[in-house]
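# Observations on the model geometry
As a plain string of letters, each chain reads:
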Amino acid sequence: MIEFFGALLRSVQASLELSLASNALLAVLLVGVVGAAAVAVVVLACRALPALVAADASGAARRLRQTADPGLLLSQSDPDAPGRARPRAPARGLAAA
């Protein structure tokens, strides 16, 4: 099967070499068409990617949407509550120079 594709590509290459060597305008046109097709494939892939992620059956996208709200502030604990370790630093700060 791979040999078939190799032979097909070699025949396409030989025919393109013959046609492009004789006509420069055709070469420019062919390069433009191939470039436009490549850009179209990239744009379609970028547009289809979110739909593919949303259709994921494993639930990874759903877990991503269910993450904790970053805007929710966490309540702070009381540093003077009993059972808390006290810092060993001096009570007064040193004067800044």
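Residues numbered from 1 in each chain as written. Predicted model: local features only at pLDDT ≥ 70, side-chain atom pairs only at ≥ 80, totals over all residues. Heavy atoms only, no water.

## Re a nonpolar patch on the surface
There is a patch of nonpolar side chains on the surface, built from M1, F4, F5, L8, V12 and L16 and spanning about 590 Å² of accessible area. For F5, a relative accessible area of 42% translates into the label partly exposed. (Patch = residues over 30% accessible without salt bridge, like charges linked within 9 Å, V, L, I, M, F, W, Y side chains within 5 Å. Areas by Shrake-Rupley, 256 points an atom, 1.4 Å probe, with all protein chains shown as cover. Salt bridge = Lys/Arg side-chain N within 4 Å of Asp/Glu carboxyl O. Buried < 20%, exposed > 50% of the residue type's maximum accessible area, 1.4 Å probe, protein only.)

## Structural notes on the confidence of the model for the chain
With 57% of its residues at a pLDDT of 70 or more, the chain shows a mean pLDDT of 75. When mean pLDDT is compared element by element in the chain, helix α2 (residues 24-54) scores highest at 86, while helix α3 (residues 60-65) scores lowest at 62. (pLDDT = per-residue confidence, 0-100. Helix = DSSP H or I, 4+ residues; strand = E, 2+ residues; numbered from the N terminus.)

## As for α2
Across its 31 residues, α2 extends 46 Å between first and last C-alpha, which sits within 8% of the 45 Å expected from 1.5 Å per residue. The sharpest bend along α2 reaches about 35° and sits at A48, with the proline P50 one to four residues further on. Of all 31 residues that make up α2, zero are buried, and the element is exposed over most of its length. (Expected span 1.5 Å × (residues − 1). Bend = angle between axes of the 7 residues up to and from the residue.)

## A short note on the packing of helix α1 (residues 2-22) against α2
Orientation of α1 relative to α2, taken along the N-to-C sense of each, is 125°, at an axis distance of 5 Å. Relative to α2, the element α1 lies oblique. Contact residues: L16, S19, L20 and S22 in α1; A24, L26, A27 and L30 in α2. (Axes fitted to C-alpha atoms, helices over the stretch in contact; angles between N-to-C directions. Parallel < 35°, antiparallel > 145°, perpendicular 65-115°, else oblique. Contact = heavy atoms within 4.5 Å.)

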